[in-house]
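Summary of the model geometry
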Amino acid sequence: MGSLQEEERLLLEDGLVQNEGDGLYTGDGSVDIKGNRVLKQNTGNWRACPFILGTECCERLAYYGIATNLVTYLTRKLHEGNVSAARNVTTWSGTCYLTPLIGAVLADAYWGRYWTIAVFSTIYFIGMGTLTLSASVPALKPPECVDSVCPSASPAQYGVFFVGLYLIALGTGGIKPCVSSFGADQFDDTDKTERVKKGSFFNWFYFSINIGALISSSLLVWVQDNAGWGLGFGIPTLFMGIAIFSFFSGTPLYRFQKPGGSPVTRMCQVLVASFRKWNLDVPKDSSLLYETPDKDSAIKGSRKLEHSDELTCLDKAAVISETETKTGDFSNPWRVCTVTQVEELKILIRMFPIWATGIVFSAVYAQMSTMFVEQGTMMDTSIGSFTIPPASLSTFDVISVIFWVPVYDKFIVPIARRFTGKERGFSELQRMGIGLFLSVLCMSAAAVVEIYRLNLAKELGLVDKEVAVPMSIFWQVPQYFLLGAAEIFTFIGQLEFFYDQSPDAMRSLCSALSLLTTSLGNYLSSLILTIVTYFSTKDGKAGWIPDNLNEGHLDYFFWLLAGLSLLNMLVYVVCAKRYKKKKAS
């Protein structure tokens, strides 16, 4: 991480740090658990963050303890085929990143981030317990294979397993969009020192995610493959309980932001009001548009937003009609909206192209827990007498992330700062673009490894045999390492972008929208798998991804994703150049 003093100096030079919030109380409207104003010295800041980061670390350990090796459980214990197992994993993973929309709306509109995390964590824990039971109780899982005969799971066994799995997907929906924003809420935007510290929080947040992932992809994967799945799922369940305990332990130290009302309702109000005033002309002078005369915005927890010249058709919602001028009644937001409310919707629309380009990147990221694992199962996984679980290779992705965070902060940022003049070296948009380029290299590396693996299978006459080729699984390390580097640029860049550019009262929703790209990326991966399987298996052919990968062409699938990633990157560059940042008054 860069020097705190250096970052603060740069902010001071840019005139971004002000002294308006240097009093005893926070100046951003935050309150304590009882709704009272909070003293800075007693709450928030880094003193509250260990509880939040501990919660995130344990929750991510629990999540990756399930997700990392799930494809192996489905193929070896529930006896599914490679394509079916991969499709189930990506569909579930996609759902885990779709449910945050539910949690985000509840947090921003009604419950606040704290209570949303509390309620959904409990649901999460129940799902983990159900999954552990399904893997532990003999009656809840199919019998082991006898020779080549593998009994299928019964509908009841599938039912219990998938109920637990999708309770986890629902539970994570209230945690993912809220924890990062709740952590950032602990720093007062109106205090110059705390505002600088907030910039460091996201790096530590992502670091804590990967510590949990590191333990899961190494220790827990080994436990699952060697000590049993009941214990392998039970340990993540225990850590989820620890996550809940850690979160509640920090309650007296937390700062809370009051929910500002439903962001979905506000967006609908803008659309309805602009439609009602479709025949009215938008004045050339934007100061004639409706805005509250007070210093504060009409939306709780939000600063006023300056008018922008884009999407002027939406400005009709803020046009003051003759009736409103005569009556002086501006209380019905379904007839007249403030400029800030209109700008909220404009911001989301402007962010949409940037958001959409994250979908293909997420489809690439989904391969780490599916096709990379299946590729690894057909390679030599032994080191002497020790056998490496293929899913544990994702450890190198985590190691890559842990390696690249300090390298990025200590070396890349100072060098980039000299050329760009930006205090963070790269803008959020530049940072994400670099990650998209690295994703192209990642899929290309995976394709090259598969080409060598298939050539070796042909040379040794193993094409018709469903056995691993004598090629070390460590040839996969470069693709995992490149994927980790791509994460550092794209995923952390997304965290910063969607938090900084989102309207103040819609931060949970915008965090959920950034997570939605991961969901849609998983669904896209499932769709591509389905299409590839359909067309490549015509006329009785084995297809690109058969159960015996030695007679398939997984390399074609990787090249397809590399091509899509390259096209996606080019589209992103065009969208990023046209993007205009928000302006808060």
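Position numbers for residues count from 1 along each chain, tracking the sequence in the order it is written. The model is predicted, so local features are restricted to residues of pLDDT at least 70 and side-chain atom pairs to those at 80 or more, both for listing and for counting; the totals for chains, interfaces and linings are taken over all residues. Think of the side-chain values as coming from all heavy atoms in the structure, minus any hydrogens and water.

The test is simple: UniProt positions are given in the numbering used here, feature names are shortened, and annotations may be inferred rather than shown by experiment.
As annotated in an unreviewed UniProt entry, the protein chain is Protein NRT1/ PTR FAMILY 8.3-like from Pyrus ussuriensis x Pyrus communis. Per its UniProt entry, the protein chain bears the Sequence similarities (unreviewed entry) comment "Belongs to the major facilitator superfamily. Proton-dependent oligopeptide transporter (POT/PTR) (TC 2.A.17) family." Per UniProt, the protein chain has the following entry under Subcellular location (unreviewed entry): "Membrane".

1. Points about a nonpolar patch on the surface
As a reminder, the rule being used: In this analysis, a patch consists of residues with relative accessible area above 30% that form no salt bridge, clustered at 9 Å for like charges and at 5 Å for the nonpolar side chains Val, Leu, Ile, Met, Phe, Trp and Tyr. Each accessible area value is a Shrake-Rupley result obtained with a 1.4 Å probe; residue values ignore everything except the protein chains displayed when judging cover. The salt bridge criterion pairs a side-chain nitrogen of Lys or Arg with a carboxyl oxygen of Asp or Glu, the two atoms within 4 Å. Secondary structure follows DSSP: runs of H or I at least 4 residues long count as helices, runs of E at least 2 residues long count as strands, and numbering of each begins at the N terminus. Classification of residues uses two cut-offs on accessible area relative to the type maximum, computed with a 1.4 Å probe and protein chains only: under 20% is buried, over 50% is exposed, and between them is partly exposed.
Taken together, the side chains of I33, Y110, W111, W115, V119 and F248 define a hydrophobic patch exposed on the protein surface, amounting to about 610 Å² of accessible area. Counting through the fold element by element, W111 comes out in helix α5 (residues 100–136). Relative accessible area serves as the criterion here: at 38%, W111 is assigned to the partly exposed category.

2. Notes on a negative patch on the surface
Note the following rule: In this count, Lys and Arg are taken as positive residues and Asp and Glu as negative ones, while His and the chain termini are left out. We put the charge of a Lys on NZ, of an Arg on CZ, of an Asp on CG and of a Glu on CD.
Taken together, D464, E466, D547 and E551 make up a surface patch of like negative charges. Residue placement: D464 occurs in the loop between α16 (428–459) and α17 (477–501). Judged by relative accessible area, D464 falls into the exposed class, the value being 69%.

3. Overview of α17
Heads up, the condition is: One less than the number of residues in a helix, times 1.5 Å, gives the span that helix is expected to have. To get the bend at a given residue, fit one axis to the seven residues ending there, fit another to the seven starting there, and take the angle between those axes.
When the terminal C-alpha atoms of α17 are compared, their 35 Å separation across 25 residues agrees well with the 36 Å that a helix rising 1.5 Å per residue should span. For α17, the principal kink sits at E487 and spans about 35 degrees. With 21 of 25 residues buried, α17 lies mostly within the body of the structure.

4. Considerations on helix α15 (residues 395–420)
A turn of α-helix holds 3.6 residues, and therefore any two residues three or four places apart point the same way. A bend of about 50 degrees at Y408 is the largest found in α15. Along α15, the residues that are buried comprise T395, D397, V398, S400, V401, V405, V407, Y408, D409, V413 and A416. A positive phi of about 75 degrees marks G421, the residue just after α15.

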